[in-house]
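Observations on chain architecture
This is what each chain is made of:
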Amino acid sequence: MGRTRAKDTEHPQARLDHGGTARIIPSEYTSGFELIVDDTPQSHVDLDDPTHLHFEYVVRMGAVIDQLTSPGAALTAVHLGAGALTVPRYIEATRPGSRQQVIELEAPLAALVRERLPLPRGAAIRIRIGDARSGVQKLPAALTGACDLVVSDVYSGAQTPAHLTSVEFYTELRALLAPTGVLLINVADGPGLAFARRQVATVAQVLPEVALLADTQVLKGRRFGNLVVAASASPLPTEWLPRMLAAGPHPAKIAQDAEVTAFAKGARIVTDADAVASPKPDASIFLR
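Throughout, residues of each chain are indexed from 1 in the direction in which the sequence is written. Owing to the predicted nature of the model, reporting of local features is limited to residues with pLDDT of at least 70; listing and counting of side-chain atom pairs is limited to 80 or more, with chain, interface and lining totals taken over all residues. Calculation of side-chain values draws on the structure's entire complement of heavy atoms; hydrogens and water are dropped beforehand.

This part covers the packing of aromatic side chains. Only the six-membered ring of Trp is used, alongside the rings of Phe and Tyr, when aromatic pairs are assigned; centres must lie within 6.5 Å, and planes under 30 degrees apart are stacked while those over 60 apart are edge-to-face, with the rest tilted. Under the criterion given, the structure shown has 1 aromatic pair. Both rings, one in Phe169 and one in Tyr170, keep their centres 5.4 Å apart while their planes meet at 50°; by these two values the pair is tilted. Among the residues examined, Phe169 registers a relative accessible area of 0% and is labelled buried. Three labels apply to residues, based on accessible area from a 1.4 Å probe with only protein chains included: buried if under 20% of the type maximum, exposed if over 50%, partly exposed otherwise in between. A relative accessible area of 1% means that Tyr170 is categorised as buried. By the criterion adopted, a ring carries a charge over it if an Arg CZ or a Lys NZ lies within 6 Å of its centre and within 35 degrees of its normal. Taking NZ or CZ as reference, Arg197 lies 4.5 Å from the ring centre of Phe263, over its face.

Let us look at helix 3 (residues 107-116). A turn of α-helix holds 3.6 residues, and therefore any two residues three or four places apart point the same way. Here a strand is any run of E in DSSP of at least two residues, a helix any run of H or I of at least four, and the numbering for each starts at the N terminus. The complete set of buried residues in helix 3 reads Pro108, Leu109, Ala110, Leu112 and Val113. Considering only its buried residues, helix 3 is in contact with strand 1 (13-15), strand 2 (21-26), strand 3 (33-37), helix 2 (86-94), strand 6 (99-104) and strand 7 (125-129). In what follows, residue pairs with any heavy atoms lying within 4.5 Å of each other are defined as contacts.

On to the sheet that holds strand 10 (residues 209-214), then. Strand order across the open sheet formed by 8 strands is 7-6-5-8-9-11-10-12, with mixed pairing between neighbours. Because the sheet does not close on itself, it has two edges, and the strands there are strand 7 and strand 12 (253-256). Adjacent strand axes in the sheet meet at a mean angle of 15° when their direction is disregarded. Contacts between helix 1 (residues 56-66) and the sheet are confined to strand 8 (147-152), strand 9 (177-189), strand 10 and strand 11 (225-232), with strand 9 contributing the most and set at about 170° to the helix. What counts as an axis is a line fitted to C-alpha atoms, over the stretch in contact for a helix, and the angles between N-to-C directions run from 0 to 180 degrees. In the packing of helix 5 (residues 167-174) onto the sheet, contacts are made with strand 5 (76-80), strand 8 and strand 9, and the angle to strand 9 comes to roughly 145°. Pairing between two strands is assigned when DSSP locates at least 2 bridges connecting them.

Looking at where Asn186 falls in the secondary structure, it is placed in strand 9. Here Asn186 falls in the buried class, since its relative accessible area comes to 4%. The term polar contact refers here to a pair of N or O atoms within 3.5 Å; inside protein, the definition further demands a hydrogen-donor-capable atom paired with an acceptor-capable atom, and it admits residues adjacent in sequence only when both atoms are side-chain atoms. A distance of 2.9 Å separates the side chain of Asn186 from the side chain of Asn226, its partner in a polar contact. When residues no more than four places from it in sequence are discounted, the contact partners of Asn186 are Tyr57, Met61, Ser152, Asp153, Tyr155, Thr160, Asn226 and Leu227.

Once the charged atoms of two side chains with opposite charge are near each other, the side chains can pair. Salt-bridge detection follows one rule: a side-chain nitrogen of Lys or Arg within 4 Å of a carboxyl oxygen of Asp or Glu. Taken as a whole, this structure holds 7 salt bridges when the rule is applied. The salt bridge involving Glu172 is made with Arg133; its shortest N-O contact spans 3.4 Å. Linking Glu172 in helix 5 with Arg133 in helix 4 (residues 132-137), this pair joins segments that are 39 residues apart in sequence. Of the residues examined, Glu172 reaches a relative accessible area of 22% and is grouped as partly exposed. The partner of Glu259 in a salt bridge is Lys253, with the nearest N and O atoms 3.0 Å apart. Under the relative-accessibility criterion, Glu259 is labelled partly exposed at 39%. Judged by its relative accessible area of 29%, Lys253 is partly exposed. Through salt bridges with shared partners, a single network forms among Arg133, Glu172 and Asp272.

Once that is clear, we can look at helix 5. Those residues of helix 5 that fall on the buried side of the exposure criterion are Val167, Phe169, Tyr170 and Leu173. Across the axial projection of helix 5, the buried residues extend over an arc of 155°, all falling on one side. Against strand 5, helix 4, strand 8, strand 9 and helix 6 (194-206) lie the buried residues of helix 5. Taking the helix axis as origin, the arc is that swept by the directions to the C-beta atoms.

Right, here's the structure in full:
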């Protein structure tokens with residue numbers, strides 16, 4: 001998921017309002033740039049090819065997004081957590097004319113990304129500064145029930161804040177979705193997957209159609225990693241996903257139906273009253 005990096009002050013950086021430092025560095029292993037917050041890789045962006053999705057879990061998100069509505073058709077999307085705007089750039093490149101709203105807590109991070117990794121000219125991507133949950137409540141009323149896609153990928157350092165993990169929060173996100181709209185969530189967890197199992201049970205309480213996309217070893221709870229949760233009120237467009245995910249470049253598995261039910265069996269639904277942040281990975285997870 002990452003590796004040791006020299007703390008090179010020559011790279012563009014910004015001091016964040018809530019502590020820590022964001023830096024943009026050239027990728028050491030591929031083309032493009034990485035956004036690093038403290039020592040945690042947050043995003044990868046290739047300005048010359050926005051369809052180049054380097055991080056494995058983002059590749060899986062892209063595979064789901066490709067199945068939405070008609071191929072190449074513009075989407076209405078809301079993104080919680082900006083990072084370096086990898087997914088909004090991907091949607092703009094593959095579905096020109098899409099209308100996208102992004103909510104990001106850190107104004108200095110958003111300013112750094114827009115200055116050093118500028119968005120395509122004419123892209124309809126609006127960045128709103130503020131907390132993801134309160135920001136959702138302030139979105140234009142016209143977005144209610146109109147979104148083809150909502151992406152929740154919010155991390156404070158290497159953890160998802162507790163208030164963005166509850167059934168009340170996911171109910172607020174459900175209100176944004178069109179009848180066939182899809183919610184994508186990046187869930188990070190380690191051996192045992194206790195946090196991920198509760199998240200899946202919680203999302204399934206709100207949206208009945210749920211699928212999991214992850215590396216097989218992560219899905220079995222054998223190592224720390226990212227799981228993509230896809231959820232909708234309507235059947236998910238997953239017909240071609242198993243073949244696509246198995247083919248690579250990052251082979252993965254999609255769990256659906258009975259497998260999802262078994263994955264979440266016995267897990268308690270998360271409420272605002274008992275929500276906790278996602279588990280913090282060991283520092284070694286970011287070493288290569």
